[in-house]
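A closer look at the structure
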Amino acid sequence: MDLENIIFPKGEKLSNDWFTGNAFLTPLLGSDANNEYSIGSVYFEKGARTNWHTHPKGQVLIVTSGKGFYQEKGKPARVITKGDVVNIPEDLEHWHGASAETEMIHIAITNCKNNVFVDWLKPVNTEEYAEANS
Ligand code: MN
């Protein structure tokens, strides 16, 4: 285990319809009349990542443990580690996840627009993921 000081439980496994590998979610806060966003802690095992996707009102990630990647379409993947904050604009295609050799946990604060939090796209394929890890 390469993770320290884990704050939240690992959570429930997320669907492989939208995630490659083993990713887990602990919901922390749902949207309501005052908060037009949800907050969750997402645990990515080694090699796990989201599909490519967009958020209609953006998303903020706060990495709480481990090491992984954040990549915007058409740009090189960025290494993200504990303490990093990523501010993701609306409608920008991207993915996030663990590295091949290190687990990663982030808090995701996801805004919603007309009750939509995310629009899912294609999986991050083996070549794309290998390039991020290279
Ligand atoms: Mn996202």
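The structure this text deals with has already been given above.
In this numbering scheme, every chain counts its residues from 1 along its sequence in written order. Note on the predicted model: pLDDT of at least 70 is required for a residue's local features to be given, and 80 or more for side-chain atom pairs to be given and counted; whole-chain, interface and lining totals, by contrast, use all residues. Calculated side-chain values reflect all of the structure's heavy atoms, with hydrogen atoms and water omitted.

**Considerations on the overall build of the protein**
Selection rule: Segments assigned H or I by DSSP are reported as helices when at least four residues long, segments assigned E as strands when at least two residues long, and all are numbered from the N terminus. Exposure classes here rest on a 1.4 Å probe applied to the protein chains alone. A residue is buried below 20% of its type maximum, exposed above 50%, and partly exposed in between. Throughout, a contact is declared for two residues whenever any of their heavy atoms are within 4.5 Å. To measure how exposed things are, a 1.4 Å probe is used in the Shrake-Rupley method; for residues, cover is taken only from the protein chains shown.
Secondary structure assignment for the protein yields one helix and twelve strands. Secondary structure of the protein in N-to-C order comes out as β-β-β-β-β-β-β-β-β-β-β-β-α. If you line up the protein on its principal axes, its C-alpha atoms span 45 × 35 × 25 Å. Here the protein, with 134 residues, has 40% of them falling under the buried criterion. In the protein, the proportion of contacts linking residues at least 24 apart, taken out of those at least 6 apart, comes to 70%. Of the roughly 7200 Å² of accessible surface on the protein, a fraction of 50% belongs to carbon and sulfur atoms.

**Concerning the pattern of salt bridges**
Let me state the cut-off plainly: Salt bridge, as used here, is a side-chain nitrogen of Lys or Arg placed within 4 Å of a carboxyl oxygen of Asp or Glu.
Per the stated rule, a full pass over the model turns up three salt bridges. Among the ionic pairs, glutamate 72 bridges to lysine 75, the shortest N-O distance being 3.1 Å. A salt bridge links lysine 73 to glutamate 93; its shortest N-O distance comes to 3.7 Å. Of this pair, lysine 73 sits in the loop between strand 7 (59–72) and strand 8 (78–81) while glutamate 93 is found in the loop between strand 9 (85–88) and strand 10 (94–98), placing the two residues 20 residues apart along the sequence. Under the relative-accessibility criterion, lysine 73 is labelled partly exposed at 40%.

**What about the side chain of threonine 50?**
What counts, and what does not: Under the rule applied, a polar contact is a pair of N or O atoms within 3.5 Å (in protein, one hydrogen donor and one hydrogen acceptor; residues adjacent in sequence only if both atoms are side-chain atoms).
Among the secondary structure elements, threonine 50 is positioned in strand 5 (residues 49–50). By relative accessible area, threonine 50 is classed as buried at 1%. Polar contacts involving the side chain of threonine 50 include one to the side chain of histidine 53, which spans 3.5 Å. Beyond its immediate stretch of four places on either side in the chain, threonine 50 contacts Trp18, Phe19, Phe44, Trp95, His96, Trp120 and Val124.

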